[in-house]
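Residues per chain, in single letters:
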Amino acid sequence: MMKRVFRRVLCGMMILLITLTAGCSAPASDPDTASFTAMDTVMTLTVYGADCCERIRDRALELDQRLSAVDEDSEIFALNRDGTAVLSADTAALVRRTLTLSADLDGALDPTVYPAVLAWGFTTGDYAVPDDEALRALAARIDYTAVTLSGDVCTLKDGMMLDLGAVAKGWLADEAKAILADSGADGAVLNLGGTILLYGSKPDGSAFRVGIADPAAPASCFGYLNLGEGVVATSGGYERCFERDGVRYIHILDPATARPVDNGVLSVTVICDEGVAADALSTALFVMGAEGALDCWRAHGGFDCVILTDDGRLYLTDGVADRFTPAGDDEYEIMPVHRDHTGS
Ligand code: AMP
Ligand code: MG
């Protein structure tokens, strides 16, 4: 437990560092800022030209309360407990969008992984390695196509449970963007814990500079992206993992097997206009592995990605290839990826 708390604090410090880096040029006037914990992570907000951090924080806390799978007062908890629930229109909209994204991503994103997430102990930190038979049974329960949503009434098949953890922060980014627009903000950097919203422009007009956490030392960055507006979502095994008998198990699960992904991917960063899509993609591309992820990028487009693998390769798709600056003398090999070939 202490270890988890320590990790959260470390993570929070890292996030603060990234946000400060992202908004480091001298502002014309003091930005509105806030830092708080929601969705199991530290969030830091910097807004130029409007005072709306409190509204965004309130929305983050409200969404957290509705969407959390562990909070006994949440809509998702009630749905998982009862197998059916009348959701608020907002939550139903997120479930609907998530099911569409799951289909678009061929089930690499599947919000019904929750029984497996529980069995591995990722929600409590009380880790366990289920045996093969248990895993087969868990995998059989994972199937987003068996979730029905009729209006705002959601119904799950027997033994099925939802987890919106892979998309909630991205959804919040989209909501925050609407609040920023409504408030007349000029620019903002909202670090929602691994999902960053870049909005408008900085007071000096320069590009936003976003650090990508180094999976080997997540408190520091292995490189930076110079970006305009958009959402930057990162999924990394380092965010939550444990080791048993020399094997490392991470919190991103392959819905086909109910097992933690072990395909050589260390981290995936997605840059996309729509926050919920960026968040869904970062998780799903991680599950697909580098080659599958790049095939998905070629097939769909509409986003860019940065993928770091354990064989020392750093894949950068077309739109970000010349926006990346390494933080130091890193040992990875940069692999620009184009539409017609992998660059390998
Ligand atoms: P993210 O950090 O956005 O990649 O989301 C990871 C979280 O989503 C995990 O902690 C799980 O709660 C949940 N999750 C894990 N694997 C999947 C998956 N394949 N599809 C959907 N949700 C997942
Ligand atoms: Mg995600």
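Colleague: Can you walk me through the coordination of the magnesium ion (ligand 2) in this structure?
Modeller: Six octahedral donors around a metal ideally sit at 90 or 180 degrees from one another, while four tetrahedral donors ideally sit at 109.5 degrees. Distances from the magnesium ion (ligand 2) to its protein donors, namely A166 (O), D279 (O), D279 (OD) and T283 (OG1), fall within the range 2.2 to 2.5 Å. Sequence positions of the residues that donate to the magnesium ion (ligand 2) give the spacing A-x112-D-x3-T. Linking D279 with T283, this pair stays in helix α8 (residues 275–300), spanning 4 residues, or about one helical turn. Given a relative accessible area of 6%, D279 falls into the buried group. Given a relative accessible area of 13%, T283 falls into the buried group.

Colleague: Looking at this model, I keep getting lost on the packing of helix α4 (residues 89–104) against α8. Mind explaining?
Modeller: Packed helices, taken two at a time, are described by the angle their axes make and the gap between the axes. The geometry of α4 relative to α8 is characterised by a closest axis approach of 10 Å and an angle of 5° between their N-to-C directions. The angle between α4 and α8 places the two elements in the roughly parallel class. Residues L94, R97, L101 and D104 of α4 lie in contact with α8, whose contacting residues are V276, A277, A280 and H300. Residue composition of the contact of α4 with α8, by class: 5 nonpolar, 1 polar and 2 charged.

Colleague: Mind showing me how you'd approach the packing of aromatic side chains here?
Modeller: Two descriptors summarise a pair of aromatic rings, namely the distance from one centre to the other and the angle between the planes of the rings. Throughout the structure, instances matching the rule amount to 7 aromatic pairs. An aromatic cluster is defined as three or more aromatic residues linked by ring pairs; in this entry it consists of W120, F122, Y127, F242 and Y249. A cation over an aromatic ring shows up here: R209 above the ring of Y224, its NZ or CZ 3.9 Å from the ring centre.

Colleague: What am I meant to see in the confidence of the model for the chain here?
Modeller: Interpreting fine coordinate detail is not advised for predicted regions of low pLDDT. With 90% of its residues at a pLDDT of at least 70, the chain reaches an overall mean of 92. Across residues 1–27 the pLDDT falls below 50, and counting only partners more than four positions away or on other chains, this stretch makes 48 contacts in the model.

Colleague: Which parts of the structure should I look at to understand the nonpolar core?
Modeller: In a soluble, globular protein the nonpolar side chains are often hidden away together inside. V47, L180, L190, V270, L285 and I307 are the most contacted members of the largest nonpolar core, which has 95 residues in total. Of all the elements, α8 adds the most residues to this core, at 14 residues. L180 has contacts with V47, C52, I56, A185, A188, L190, L197 and Y199, leaving out every residue within four places of it along the chain.

Colleague: What am I meant to see in the side chain of T195 here?
Modeller: Inspection of the secondary structure puts T195 in strand β7 (residues 195–200). T195 sits in the buried class, given a relative accessible area of 2%. Residues in contact with T195, not counting those within four places in the same chain, are K169, G170, A173, L190, V231, V232, A233 and D279.

Colleague: I'm lost on the sheet that holds strand β8 (residues 208–214) in this one. Help?
Modeller: Within a beta sheet, neighbouring strands are joined by backbone hydrogen bonds and run either parallel or antiparallel to one another. Across the sheet, 3 strands lie side by side as β8-β9-β18; this open sheet has antiparallel pairing. Of all strands in the sheet, those bounded by a partner on one side alone are β8 and β18 (324–326). Recorded for the sheet is a direction-independent mean angle of 35° between the axes of neighbouring strands. By the bridge criterion, 7 bridges tie β8 to strand β9 (residues 217–227) in an arrangement that is antiparallel. Its bridge partner lying in β9, G211 is registered against Y224.

Colleague: Explanation requested: the sheet that holds strand β17 (residues 313–317) in the structure shown.
Modeller: Within the open sheet, the 9 strands sit side by side as β1-β2-β6-β7-β10-β15-β16-β17-β19. Their pairing is mixed. Looking along the sheet, the strands with just one partner apiece sit at the ends: β1 (32–38) and β19 (333–337). Across the sheet, the mean angle separating the axes of adjacent strands is 10° when strand polarity is ignored. In the sheet, β7 pairs with strand β10 (residues 230–236) via 4 bridges, with the strands oriented antiparallel. Opposite L197, over in β10, you have V231 as the bridge partner. Lying over the sheet, helix α2 (residues 53–67) contacts β1, β2 (41–48) and β6 (187–191), oriented at roughly 10° with respect to β1.

Colleague: I would appreciate a short explanation of the site of ligand 1 in the present structure.
Modeller: For ligand 1, the set of nearby residues contains 16 residues, the closest of which are D163, S235, H251, L253 and T283. Between a nitrogen atom of ligand 1 and a main-chain N or O atom of L253, the distance comes to 2.9 Å. A distance of 3.0 Å is found between an oxygen atom of ligand 1 and a side-chain nitrogen or oxygen belonging to D279. Calculation on ligand 1 without its partners gives an accessible area of 500 Å², and the protein chains cover 94% of this total.

What counts, and at which threshold
- Position labels on residues start from 1 in each chain and follow its written sequence.
- Both sets of labels track the order of writing: A upward for chains, 1 upward for ligands.
- The model is predicted, so local features are restricted to residues of pLDDT at least 70 and side-chain atom pairs to those at 80 or more, both for listing and for counting; the totals for chains, interfaces and linings are taken over all residues.
- Water and hydrogen atoms were dropped before computing side-chain values, which therefore reflect all heavy atoms in the structure.
- With water excluded from the atoms, a metal site may look incomplete; its donors are any N, O or S atoms within 2.8 Å, or within 3.2 Å for Na, K and Ca.
- Helix and strand labels come from DSSP, where a helix needs a run of H or I of at least four residues and a strand needs a run of E of at least two; each type is numbered from the N terminus.
- Each residue gets one of three labels from its accessible area relative to the maximum for its type: buried under 20%, exposed over 50%, partly exposed in between, using a 1.4 Å probe on protein chains only.
- Axes here mean lines fitted to C-alpha atoms, for a helix over just the part in contact, with angles spanning 0 to 180 degrees between N-to-C directions.
- With respect to orientation, any angle under 35 degrees is reported as roughly parallel, any angle over 145 as roughly antiparallel, any angle of 65 to 115 as roughly perpendicular, and every other angle as oblique.
- Every residue pair with non-hydrogen atoms within 4.5 Å of one another is taken to be in contact.
- Amino acids outside the nonpolar list (Ala, Val, Leu, Ile, Met, Phe, Trp, Tyr, Cys, Pro) and the charged list (Asp, Glu, Lys, Arg) are all regarded as polar, and Gly is one of them.
- In this analysis, rings of Phe, Tyr and Trp, with Trp reduced to its six-membered ring, are considered paired at centre separations within 6.5 Å, and the interplanar angle assigns stacked below 30 degrees, edge-to-face beyond 60, and tilted for intermediate values.
- To sit over a ring, a charge needs its Lys NZ or Arg CZ within 6 Å of the ring centre and within 35 degrees of the ring normal.
- Residue-level confidence of the predictor is summarised by pLDDT, bounded by 0 at the bottom and 100 at the top.
- Among the buried residues, those of types Ala, Val, Leu, Ile, Met, Phe, Trp, Tyr and Cys that are joined through side-chain atoms within 4.5 Å form a nonpolar core.
- At least two bridges found by DSSP between two strands is the condition for calling them paired.
- The rule for a residue being near a molecule or strand is that one of its heavy atoms must lie within 4 Å of it.
- Nitrogen and oxygen atoms within 3.5 Å of one another constitute a polar contact, given that in protein one can donate a hydrogen and the other can accept it, and given that sequence-neighbouring residues count only through two side-chain atoms.
- A 1.4 Å probe and the Shrake-Rupley method give the accessible areas. Residues count as covered only by the protein chains that appear here.

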